[in-house]
Amino acid sequence: MDPSPAARIRAARVRPLGINRGLVAAVAILCAAVLNACEPGPPPAEPIARQYAAAWQKSDYQAMWDLLADDAKAQVTPAGFTERLPRIADEMTLTSLDAKPGVATHPALPNGSPDPRKASVPLDVTFHTQRVGDIARTTALQLVMIGDKDKAVWRIAWTPEAILPHLTAGRLVRMTRLPTSRGRIIARDGTELATFVEAGVVGVITGQIRSETGLLSSLSDALGMTPDQIKAKYTQSWVKPDLFVPIKTVPASQLDALRTRLSLIEGVQVQATRVRSYPSGLASQTLGYLAEASDAEAKAKTARGIEAGDLIGKKDTGLEATLDDELGGSYGFRLGIVESDERPVETLAETAPVPGRDVVLSLDPKLQRAAENALGNNKGAIVAEDPWSGEILALASRPTFDLNALVSGDAAAIARYSSDPNRPFFNRATFGQYPTGSSFKPITAAAALRNGVYKWGDRIDCPQRWTGYGEQWAQVNHEPVALGLMDLRTALARSCNTFFYELGKRLNDRDPNILPTTAKSFGLGKATDIDFVYEAEGIVPSPDWKKQYFTNPADQVWNPGDATNLSIGQGFLLATPLQMANYTSTIANDGILWKPRLVIELRDRDGKSVKAYPKTQVGSALSIPTDLSLIRDGMHAVTNDADGTVSFVFQNYSPTTAGKSGTAESPARGKVDAWFIGWASFEQPSIAIAAVLDEYTERPGVFGSVDSAIAVKAVLTAKFATP
């Protein structure tokens, strides 16, 4: 009989269970998997690559070093890493970099599965450099896993190829300068005033010197320099062991005889070069010259690639300095990877050199030479200007010097120039400041006519002794006798001081500022603002000027004598020959005050105009054409009337002329500053000139202003002579 359902249930509760062995095994495997899943696996490689990239972008080389594997550290050494990387950055002129790591890949094991303990992470690097722009390269970081399980970390198996793909051990990153060429300075007719000739530079590489004593002895004998002079060159602060240090430039004609001797001196090399040459010998102070750049000067010109020791325009010397950035061009640069012996492996980037531009001057070489020759051995200056454009046709200063002697390093000549008390390096044409004497009188005439204190045709007495402001301010004429009544034309022709003292008094009594203001309107007492030329400003004294210039209250007073002295170009008045030529142009051209122009154009090396400097009017004289015409008539009398002060100089001379002589007291005892200003032709002015003889010694029958007029006549003859 079958048990009841209830009985079956009770029986089941007390029956032992049967164990399924397969189920147990499955459960065991599942539990093991769960346990294994709870243990940490190996970390990913990418975070370490990102840390490395971030540290590199910050130039944190120590943090980069800390991420390297021990084997890599042993091969590279700390100095080889933390010191080399910044040196490479400096060589590249690196300003910053971007480094972006990619996704890691694992190399295959022999069984084809990926190796979990090795990885390669691509690294896209963009180097931002100052010299050659941006350089993009993709390199790779090789990583290895160090440790097991929870202690496993990735480290970088670093080699130099982590910087650049082909930078294997022993290779170098090298920035090479590519030479540029300096532009020429050319006169208006194409004459080369500054150019280049072939030569060789003898130099020293200090890291290759075996015997300094032997080098100094042999090289001093070969080059005609003292050992101290040579050593001073290669011991400058900027010199590095692998740099070529120029010692002396030798003309190509002399180089062949020296090559054999120089080749035997260890540490000496000869490099072909082109050296500055000044073939015309003209305008030395205006052109200036080249000299080695100091550390500070090179730093200021680093954008052009200038390094200490390079030749640049010598500071404060002339156009070579003021136009150095235009003339000098810019060096090019090539960044590459080279073998240890400098053989090229790969060019990473390159910027081409930019040649210097040619500078075209308004100078007329024929007139410049005539002016320099006319001055002869006298100290002085001559400036000639086109009165309708402000172009400077001649800018002569004497004594002068040979620019080529400075280029060749002629020590004896340089020492002679430097010690010469007559200062041949000083540009008297633009920096010399002199009282103008009677050459100022046309300005006094213009002020008197414009302000109604003199009317054309009026006659004023010309006594030998003038006491218009009383005996305490008595002043005398340059002629020893009274000349009687005369009009303005005659007063200009004969240069009567006492006539102009009276005009000065009349102007001063009306307003002490009239005459100073008029003088300034003719361009005196302020810089002419000529481009690229160093110049002095001169002085036009006035009541305000005395208050600003002097500290003693008694000296600040504007005295009657100040007014009368100014009326004849004496007292505190000072002007440069450049200002005087410009002022002369203003009289000749009916009152236009030009900005003088010496540089008229910049050209590229193919002759294409890059920039032109147009004529610029900077003001107008405080006078009217009618008055200026009357003054010009008086200046015509100076050179043509029988009683004109220099008429015998221009007797029967063609073209027609006009001018004004002037003799002023010089600070040098017993000497004068002698002027002549003028233009030609009288009717159609095409050239205005100012000449001064500095500290001239007058003798009986020999007058400085006459010799100045003779010098001007020589320039005019060169201008108007029939070819």
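Just so we're clear, the structure is a prediction, and the values are computed from it rather than from any experiment.

Caption draft 1: Structural detail: the sheet that holds strand 27 (residues 687–696). Read across the open sheet, the five strands follow the order 16-15-27-26-25; overall the sheet is antiparallel. Edge positions in the sheet fall to strand 16 (392–398) and strand 25 (657–665), since each has one partner strand and no second. Put simply, the sheet's adjacent strands are angled 10° from each other on average, direction ignored. Taken together, the eight bridges between strand 26 (residues 672–680) and strand 27 define a ladder with antiparallel strand orientation.

Caption draft 2: Inspection of the packing of helix 7 (residues 212–223) against helix 9 (residues 252–263) at higher detail. Contact pair helix 7 / helix 9: the axes reach a minimum separation of 10 Å and the direction vectors enclose 175°. Viewed along their axes, helix 7 and helix 9 adopt a mutual orientation that is roughly antiparallel. Touching Leu219, Asp221, Ala222 and Leu223 of helix 7 are Leu258, Arg261 and Leu262, all from helix 9. Of the residues contributing to the contact of helix 7 with helix 9, the split by class is five nonpolar, no polar and two charged.

Caption draft 3: Expanded view of the pattern of salt bridges. Counting across every chain of the model gives 42 salt bridges. Measuring nitrogen to oxygen at the nearest pair gives 2.8 Å for the salt bridge that ties glutamate 320 to arginine 276. Taken together, the residues glutamate 320 in helix 12 (residues 319–322) and arginine 276 in strand 9 (residues 268–277) connect sequence positions 44 residues apart. Grouping residues by exposure puts glutamate 320 and arginine 276 together as buried. Among the salt bridges present, the one from arginine 343 reaches aspartate 341, with a minimum N-O distance of 2.8 Å. The class for aspartate 341 is partly exposed, based on a relative accessible area of 46%. Each of Arg182, Arg276, Lys301, Arg304, Glu320, Asp324 and Asp325 takes part in salt bridges that share partners, so that together they form one network.

Caption draft 4: Quick look at the sheet that holds strand 3 (residues 133–146). Pairing is antiparallel across the open sheet formed by four strands, whose spatial order is 1-2-3-4. Two strands close off the open sheet at either side, each with one partner strand: strand 1 (94–101) and strand 4 (153–156). For this sheet, the mean inter-axis angle between neighbouring strands, taken without regard to orientation, is 35°. For strand 1 and strand 2 (residues 118–129), the ladder comprises seven bridges, and the chain directions are antiparallel. Bridge pairing links leucine 97 to phenylalanine 127 in strand 2.

Caption draft 5: Summary view of the pairing of strand 2. In this structure, strand 2 lies alongside strand 3, joined through twelve bridges in antiparallel fashion. Across the sheet, residue alanine 119 finds its bridge partner in strand 3, namely leucine 143. Two successive antiparallel strands, strand 2 and strand 3, enclose a turn made up of three residues.

Caption draft 6: Region of the structure containing empty space enclosed by the protein. In the structure shown here, the tally under the stated rule is two cavities of 30 Å³ or more. In this structure, the largest cavity spans a volume of roughly 60 Å³. Taken together, the elements giving at least two residues each to the lining of the largest cavity come down to helix 6 (78–92) and strand 1. Looking at the lining of the largest cavity element by element, the count peaks at four residues for helix 6. Put simply, the second largest cavity is a space of about 50 Å³. Every residue along the wall of the second largest cavity is listed here: Gly504, Leu507, Asn508, Asp511, Pro512, Leu515, Pro516, Trp558, Ala563 and Leu566.

Caption draft 7: Broad picture of the packing of helix 18 (residues 441–450) against helix 21 (residues 514–521). Interhelical geometry of helix 18 versus helix 21 gives an angle of 120° and a closest axis separation of 9 Å. Crossing handedness for the pair helix 18 and helix 21: right-handed. Each of Ile443, Thr444 and Ala447 in helix 18 lies in contact with helix 21, whose residues at this interface are Ile514, Leu515, Thr518 and Ala519.

Definitions and limits used
- Residues numbered from 1 in each chain as written.
- Predicted model: local features only at pLDDT ≥ 70, side-chain atom pairs only at ≥ 80, totals over all residues.
- Heavy atoms only, no water.
- Pairing = 2+ DSSP bridges.
- Helix = DSSP H or I, 4+ residues; strand = E, 2+ residues; numbered from the N terminus.
- Axes fitted to C-alpha atoms, helices over the stretch in contact; angles between N-to-C directions.
- Parallel < 35°, antiparallel > 145°, perpendicular 65-115°, else oblique.
- Contact = heavy atoms within 4.5 Å.
- Nonpolar A, V, L, I, M, F, W, Y, C, P; charged D, E, K, R; others polar.
- Salt bridge = Lys/Arg side-chain N within 4 Å of Asp/Glu carboxyl O.
- Buried < 20%, exposed > 50% of the residue type's maximum accessible area, 1.4 Å probe, protein only.
- 1 Å grid on protein atoms, 1.4 Å probe; cavity = no way out; pocket = protein on both sides within 12 Å on 5 of 7 lines; lining within 4 Å.
- Points joined across faces, edges and corners; volume = space filled by probe spheres on them.
- Left-handed = near helix turned anticlockwise from the far one by under 90°.

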